[in-house]
Amino acid sequence: PAAAPRVSREDRDAHVVIDFLSEELDALSRRYHRMVAEYHALDPADSGDQQRRRRMARELKDLVDLLDVKGEQISVLADLHPKPGSPRNPVPSGSPRTPKKDGCIERAYRSAKALQQALGDLY
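Conventions and cut-offs
- Residues numbered from 1 in each chain as written.
- Predicted model: local features only at pLDDT ≥ 70, side-chain atom pairs only at ≥ 80, totals over all residues.
- Heavy atoms only, no water.
- Helix = DSSP H or I, 4+ residues; strand = E, 2+ residues; numbered from the N terminus.
- Buried < 20%, exposed > 50% of the residue type's maximum accessible area, 1.4 Å probe, protein only.
- Areas by Shrake-Rupley, 256 points an atom, 1.4 Å probe, with all protein chains shown as cover.
- Salt bridge = Lys/Arg side-chain N within 4 Å of Asp/Glu carboxyl O.
- Phe/Tyr/Trp six-rings, centres within 6.5 Å; stacked < 30°, edge-to-face > 60°.
- Lys NZ or Arg CZ within 6 Å of the ring centre and 35° of its normal.
- Core = buried A, V, L, I, M, F, W, Y, C linked by side-chain atoms within 4.5 Å.
- Contact = heavy atoms within 4.5 Å.
- Axes fitted to C-alpha atoms, helices over the stretch in contact; angles between N-to-C directions.
- Parallel < 35°, antiparallel > 145°, perpendicular 65-115°, else oblique.
- Left-handed = near helix turned anticlockwise from the far one by under 90°.
- Nonpolar A, V, L, I, M, F, W, Y, C, P; charged D, E, K, R; others polar.

Trainee: Got a sec to walk through the overall build of the protein chain? Specific residues and values, please.
Mentor: Secondary structure summary: the protein chain contains three helices and zero strands in total. Secondary structure elements of the protein chain occur, N-terminal to C-terminal, as α-α-α. The proportion of buried residues among the 123 residues of the protein chain is 29%. Accessible area of the protein chain: about 8200 Å², with a carbon and sulfur share of 54%.

See below:
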């Protein structure tokens, strides 16, 4: 059997950080979905709900920005410190990155970006 590739302490530490960031991104994604459900449950015809919808829209925009930042952090660290056996996937400087997430997080990310664009059109 072939020996496992040696992993530097820096790479191990980076993977611990990536795992923490991924957990954080997952928690933010769940929060986002809860807020979207609450947002959709509000009655646009009710003036009190309308004020709440506007406040929630701002909060959702901030949350989408945070999801984007977390995804970028994970992407950058994963590119700099790939797991042993995984191919390096360099991204040219200045090009947009697409976070590499499992299904749930990826759907939340796409949904968050779509909502951010829709909310941006409102304000």
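So, next bit.
Trainee: Lay out the pattern of salt bridges with the relevant residues and their values.
Mentor: For the coordinates displayed, the defined rule picks out four salt bridges. Taking the shortest distance from any N to any O, the salt bridge between Asp 26 and Arg 30 comes out at 2.5 Å. With a gap of four residues between them, Asp 26 and Arg 30 both fall in helix α1 (residues 9–41), about one helical turn apart. Classification of Asp 26 by relative accessible area gives partly exposed; the value is 25%. In this structure Arg 30 comes out as partly exposed when scored by relative accessible area, which is 42%. Among the salt bridges present, the one from Arg 52 reaches Glu 38, with a minimum N-O distance of 2.7 Å. Placement of Arg 52 in helix α2 (residues 47–80) and of Glu 38 in helix α1 is noted, with a sequence separation of 14 residues between them.

Trainee: Can you explain the packing of aromatic side chains? Please cite residues and give values.
Mentor: Taken as a whole, this structure holds zero aromatic pairs when the rule is applied. Here the basic side chain of Arg 53 rests over the ring of Tyr 39, its NZ or CZ set 4.4 Å away from the ring centre.

Trainee: Go over the nonpolar core with me, naming the residues and quoting the values.
Mentor: Tyr 32 and Leu 60 are the most contacted members of the largest nonpolar core, which has 16 residues in total. Secondary structure elements with two or more residues in this core: α1 and α2. Counting residues per element, this core draws most heavily on α1, at eight residues.

Trainee: Break down the side chain of Lys 70 for me, with residues and values.
Mentor: With respect to the helices and strands, the residue Lys 70 is situated in helix α2. The contact partners of Lys 70, leaving out residues within four places of it in the chain, are Leu 21, Glu 24, Leu 25 and Leu 28.

Trainee: Go over the packing of α1 against α2, please, and point to the residues and values.
Mentor: Two quantities define a packed helix pair, namely the angle between the helix axes and the distance between the axes. Here α1 crosses α2 at 160°, and the two axes come no closer than 9 Å. If you check the angle between α1 and α2, you find them roughly antiparallel. As for the relative orientation of α1 and α2, their crossing is left-handed in sense. In terms of residue class, the contact of α1 with α2 is built from 19 nonpolar, four polar and seven charged.

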